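Below are the chains, spelled out letter by letter.
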Amino acid sequence: MRLFNRSRSTSSGASASSSVAERERLDTMHVVHTSLLGPYHAHVLASHLETIHASGRRSRVLDVGTGTGAWALALANTYAHADVLGIDLAWSSFARGQSAHGNVDFQTVDVVHVKCMLLDVPHYGRMLERLALILRSGGLLVLVETEPIYKTSMGSLPPALKQWDACVREAYKARHGSLTVTVFCAKLKPVDIDLPRSLHTVLAASGVFASQFLFQELGVPVGGYVVGDSQTLACAGQQHATLVAADFRRLRRTLLEHGYQAHDVDGVIDACMEDVSGFPRSTSLLHTMRPATGLSQLFAAGARFYQRLFAVYAFKQA
């Protein structure tokens, strides 16, 4: 397995603690997504890879947005005949691990796995078109994306979450500037944060992939909100809770870059955390929250909020 860095310049003042926090966020996200996508996700990948391996040929897998490398390393260690390549926009979160496999040709691969790149890629559709060029005929493209906004089973969202939704939409719609990435080399484009729910439409419009797609849409519960007795959902909800504050912090930077005032953004975040958790508002809540403390109070069972997780599996036309 080979891991490449497609990096953009980052501030030299970035602290080690922020890198550790981001690594923890990505690891937790990997665990949550793996537990929810579960057997179906694994079955689609296994079926495709085993067909290739049965022909006597090694498979080549590209993991886009590899993050800590957890998914790439897990796949590489599971399939002895799969050569895995991981790339990312930034390299600070990668956690070096052991892999049983070596180099891979970047030109053509059998599987391309793209995970949570929506907010980081200047033009998502163009990225898919370029990834299709290195995907073999009949190859499998896997897209996994989460909506950065919240939904509720209680009817309409409370005012603070509605305001947060509107601010996030406006900030990403008005993005500007330039992003230098070795693979894409493109200007920043407005981001449609509703894109995850129409990924299959984007793929169909490309004309490159077969008309039949495999599709998953899942609700990732926040905290204790679970319908039914699914232990997988319950576990994912508790783990997902640790991501909420980290996601607010991450999106906060984008809102500040857009021009919102820090005290206004922090006020909305505190109100959102109160709405999501049912916990009394505190201006220091976002900064003092820790994954291992207070989650039973912060994410009450009666708070019925969730985020939607989408996965699309598409095969390139022969």
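Calculation rules
Residues numbered from 1 in each chain as written. Predicted model: local features only at pLDDT ≥ 70, side-chain atom pairs only at ≥ 80, totals over all residues. Heavy atoms only, no water. Buried < 20%, exposed > 50% of the residue type's maximum accessible area, 1.4 Å probe, protein only. Helix = DSSP H or I, 4+ residues; strand = E, 2+ residues; numbered from the N terminus. Pairing = 2+ DSSP bridges. Right-handed = clockwise from strand over helix to strand, strands pointing away. Salt bridge = Lys/Arg side-chain N within 4 Å of Asp/Glu carboxyl O. Phe/Tyr/Trp six-rings, centres within 6.5 Å; stacked < 30°, edge-to-face > 60°. Core = buried A, V, L, I, M, F, W, Y, C linked by side-chain atoms within 4.5 Å. Contact = heavy atoms within 4.5 Å. 1 Å grid on protein atoms, 1.4 Å probe; cavity = no way out; pocket = protein on both sides within 12 Å on 5 of 7 lines; lining within 4 Å. Points joined across faces, edges and corners; volume = space filled by probe spheres on them. Nonpolar A, V, L, I, M, F, W, Y, C, P; charged D, E, K, R; others polar. Polar contact = N/O pair within 3.5 Å; in protein donor to acceptor, adjacent residues only side chain to side chain.

Trainee: Go over the pairing of strand S2 (residues 59-64) with me, naming the residues and quoting the values.
Mentor: S2 sits mainly inside the fold: 5 of its 6 residues count as buried. As paired elements, S2 and strand S3 (residues 82-88) share 6 bridges and run parallel to each other. Considered in S3, the bridge of Ser59 is made with Ala82. Chirality of the crossover, the property in question, places the unit of S2, helix H2 (residues 70-78) and S3 among those that are right-handed.

Trainee: An account of the environment of Val121 is needed here, citing residue identities and associated values.
Mentor: Checked against the element boundaries, Val121 lands in the loop between strand S4 (109-115) and helix H3 (124-133). Given the relative accessible area of 3%, Val121 is considered buried. Sequence separation between Val121 and Val191 is 70 residues, and the spatial gap between their C-alpha atoms is 8.5 Å.

Trainee: With reference to specific residues and values, describe the pattern of salt bridges.
Mentor: Once their charged atoms are close, side chains differing in charge can pair, the charge on each being opposite to the other. Counted under the stated rule, the structure contains 11 salt bridges. The residue Arg308 makes a salt bridge to Glu147 at a minimum N-O spacing of 2.9 Å. With Arg308 in strand S10 (residues 305-315) and Glu147 in the loop between strand S5 (135-146) and strand S6 (151-152), this residue pair connects regions lying 161 residues apart in the sequence. Between Asp266 and Arg252 there is a salt bridge whose closest N-O contact spans 2.6 Å.

Trainee: Give me the packing of aromatic side chains: which residues, what numbers.
Mentor: Tallied over the entire structure, the rule returns 4 aromatic pairs. A ring pair is formed by Phe215 and Phe310, whose centres lie 6.2 Å apart and whose planes are at 45°; its orientation type is tilted. Taken together, the residues Phe215 in strand S9 (residues 214-221) and Phe310 in strand S10 connect sequence positions 95 residues apart.

Trainee: Tell me what's going on with the nonpolar core, and back it up with residues and numbers.
Mentor: Residues Leu62, Val112, Val114, Tyr124, Leu141 and Trp164 are the most contacted members of the largest nonpolar core, which totals 49 residues. For this core, the element with the highest residue contribution is helix H4 (residues 159-173), accounting for 7 residues. Not counting residues up to four positions away in its chain, the partners in contact with Trp164 are Phe248, Leu251, Arg252, Leu255, Val265, Val268, Ile269 and Cys272.

Trainee: Talk me through the layout of surface pockets; I want residue IDs and the actual numbers.
Mentor: Looking at the second largest pocket, its volume works out to about 300 Å³. Forming the walls of the second largest pocket are 17 residues, and the residues nearest its centre are Thr34, His41, Ala42, Leu45 and Trp71. Within the residue set of the lining of the second largest pocket, elements represented by two or more residues are helix H1 (16-54), H2 and S4. Of the residues forming the lining of the second largest pocket, the biggest block, 9 residues, is contributed by H1. Its residues assigned to classes, the lining of the second largest pocket shows 9 nonpolar, 7 polar and 1 charged.

Trainee: Residues and numbers for unusual backbone geometry, please.
Mentor: For Cys116, which is not glycine, the phi dihedral falls at a positive 50°. Here Cys116 shows up in the loop between S4 and H3. Exposure remark for Cys116: the relative accessible area of 18% places this residue in the buried category.

Trainee: Mind laying out the side chain of Glu147, listing which residues take part and the relevant values?
Mentor: Glu147 sits in the buried class, given a relative accessible area of 0%. In contact with Glu147, not counting residues within four places along its chain, are Ile193, Asp194, Pro196, Arg197, Gln307, Arg308 and Phe310.

Trainee: For the side chain of Ser59, give the residues involved together with the corresponding values.
Mentor: Its location among the elements puts Ser59 in strand S2. Exposure remark for Ser59: the relative accessible area of 0% places this residue in the buried category. Within polar-contact distance, the side chain of Ser59 engages the side chain of His53 at 2.8 Å. In contact with Ser59, other than residues within four places in its own chain, are Leu49, Ile52, His53, His81, Ala82, Asp83 and Asp110.

Trainee: Account for the environment of Ala262, with residues named and values stated.
Mentor: Relative to the helices and strands, Ala262 resides in helix H7 (residues 262-277). Relative accessible area serves as the criterion here: at 33%, Ala262 is assigned to the partly exposed category. Expressed as a C-alpha distance, the spacing of Ala262 and Arg252, which sit 10 residues apart in the sequence, is 8.5 Å. Every residue in contact with Ala262, bar those within four places of it in the chain, is listed here: Arg252 and Leu256.

In short, shape yes, function no, at least from these values alone.
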